[in-house]
Structures are given as C-alpha cells and as structure tokens.
Amino acid sequence: MPNKKAISVIIPTYNDFSAFICTYQSIYKQLLIDDELIIVDSSDDISKITNYINREKPKFKISTFWINPSGIYPAMNYGIKKCSNLLIQILNSGDIYLPQTREKILRELNRNPEAKIFVFGQLAGYGGLQSMKFSPTEDSLWPHQSALVHFDVYKIFGGYTEKFKLISDQVFFANARKLKSHVIINEPITSYDLEGVSSKLSLVNIRETYILWRIMGKSRPYSAIKSFFLIIKVFIKKIIGSQNLIKLRIILFKYYSEE
C-alpha cells in the first residue's frame, strides 16, 4: 500500500541539461526515502542525465523514461502514469526547490490528511533574480510547480489536455478547484524564472491567455486586456531594455504589495 505521506516528483526535460541539474540539485537532499523522482526526457542524448544520476546514488527511487518530443503536457501525462505514490508534484527543468520545502509539504500533509490538492506560494523573477513572491488565492492562477495533486484528481479530470501549448496546467486547475478539496498555503516552496516560454510573446501565447481567462470565468474585455498585456510588456522591454524592465517590475510589485 502506498505511503500516504510520500510524494512523486516529475521532471519533464528536453535538451536543457544544465537547467535539469539545477532542479535536481535543489531536491536531491530533500526528498525522503519513500519519495520518488520520475524523469521524462525527450532530449537528443539521455545518457547525460542517466550518467549523472548514477554517480549521485540518491536515497530515494529514481525512474528515467525517454519519449519522443511531443510537448510538455504529453510528458507530464506520461510521468503521472508512471508514479507509484499518490501525491504528485511536477517541476519543469530550471524550477528550484526552496530550502525546507519537503518539511513544509510534510507538515501540511499532517495538518490536512483529507485534502486532494495542496497549493503553495512561489518566488519568481528574471534571470535568477527571484525578488517577487506570488501568493495563490481561490480565484488566482495556481503555480503547478508549487502544487501537489492526488492521483484521484488526475483520474477524474484525465490529466492535462494536450490541445493547448501553454495553458493546459491552468485549465486543469480551473476545473480541479471545483472539487473544493484543496488547501492553499501562502508559503513559497519553489522558485520560477519568468524568462520561460510561457512568458514570451507569441500569437499562441496571446490566444491561449485569452482562452484561459475566459475559462476562469472572466469577461471578454478583462480577458482581452490580460492577453494583450503581453504585447505591452514586450514593447516596454524593447524601449527601456531587459534589465530596466526587471527593475521596473520589481518596483511596481513592491509598491502594489504594500498598498
């Protein structure tokens, strides 16, 4: 019978060995003996990862799978099917476990033994400068890196839809929160870099951002403003430069956090 307090961590990775190492090193000393790590790799050379892991000899179980490159969400779904434990957390390569993350997870499992989804906070920033704290709410987007989801929830909703490129995780959470079996903990457990693909300007990003906010129940004008904000951000970035944009975002974030 699975240990109810053990977790399975999935890391999908694709041709970004250095980012994978950063993620792996952040969790290597934190996972417990009954936990497991599932690596779903679509890289050109999987031996880099397998050779590295074989040298480390971790105390927890590690399983590595190679699949044909087909996108992040098919890789996530594949990893979910391979998990042995009931509670599942998914980290992208480059995401970082903050110190005491596993202790915080265990504490909340003891406090809320009946919960099916645990949603923690997250630190975010640009280029390794993690200066913004995101605290999820009932109505906000939920950071999938900082969420632990029971396997039963995936059985109900069938994992992540593969018809979207960027928003399938948030579409999943938009539906899963309706079960009312979640807890929100406003402590950050992961660090996320905003220079990732989901933060880049593209027609796909604009279109899917609009669709997501409509699924979240927002009005058409609100959804349009949120999606076209990506264009404004890129325009400002070109005018003032990346570093100044980072400083501006930090100043605005701190200002509105104090209001």
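Residues numbered from 1 in each chain as written. Predicted model: local features only at pLDDT ≥ 70, side-chain atom pairs only at ≥ 80, totals over all residues. Heavy atoms only, no water.

K.L.:
Break down the pattern of salt bridges for me, with residues and values.
P.N.:
What the rule picks out here adds up to seven salt bridges. For the salt bridge of R102 with D35, the shortest nitrogen-to-oxygen distance reads 2.8 Å. Taken as a pair, R102 in helix α4 (residues 101–111) and D35 in the loop between α1 (17–28) and β2 (36–41) lie far apart in primary sequence, 67 residues in all. For the salt bridge of E108 with R111, the shortest nitrogen-to-oxygen distance reads 3.2 Å. Placement of the pair is E108 and R111 together in helix α4, with a separation of three residues, close to one helical turn. Relative accessible area serves as the criterion here: at 5%, E108 is assigned to the buried category. Residue classification places R111 among the exposed residues on the basis of a relative accessible area of 56%. (Salt bridge = Lys/Arg side-chain N within 4 Å of Asp/Glu carboxyl O. Helix = DSSP H or I, 4+ residues; strand = E, 2+ residues; numbered from the N terminus. Buried < 20%, exposed > 50% of the residue type's maximum accessible area, 1.4 Å probe, protein only.)

K.L.:
Quick rundown of the nonpolar core? Include the residues and the values.
P.N.:
Grouped together as the largest cluster of nonpolar side chains are 27 residues, with contacts concentrated most on V9 and F118. If near-sequence neighbours (up to four positions away) are discounted, V9 is found in contact with I27, L31, E36, L37, I38, Q89, L91 and Y97. (Core = buried A, V, L, I, M, F, W, Y, C linked by side-chain atoms within 4.5 Å. Contact = heavy atoms within 4.5 Å.)

K.L.:
Describe in detail the side chain of E208, supporting the description with residues and values.
P.N.:
For E208, the location among the structural elements is in helix α7 (residues 203–215). Lacking a salt bridge, the buried E208 has R207 as its closest oppositely charged neighbour, with an N-O distance of 4.5 Å. Those residues within four positions of E208 in sequence are excluded, and the remaining contacts are F164, K165, L166 and I167. (Lys, Arg positive; Asp, Glu negative; His and termini not counted.)

K.L.:
Go over helix α6 (residues 168–176) with me, naming the residues and quoting the values.
P.N.:
Within α6, eight of the nine residues are buried, leaving the element largely enclosed by the surrounding structure. Those residues of α6 that sit buried are S168, D169, Q170, V171, F172, F173, A174 and A176.

K.L.:
Which residues make up the environment of T190, and what values do they have?
P.N.:
Along the chain, T190 turns up in strand β9 (residues 182–193). Considering only alpha carbons, one finds T190 and H144, 46 residues apart in sequence, at a separation of 10.0 Å. For T190, the residues in contact, after removing those within four places along its chain, are Q89, L91, I96, Y97, L98, G121, Q122, L123, Q145 and S146. Within the structure, T190 has its side chain in polar contact with the side chain of Q122 (distance 3.3 Å). (Polar contact = N/O pair within 3.5 Å; in protein donor to acceptor, adjacent residues only side chain to side chain.)

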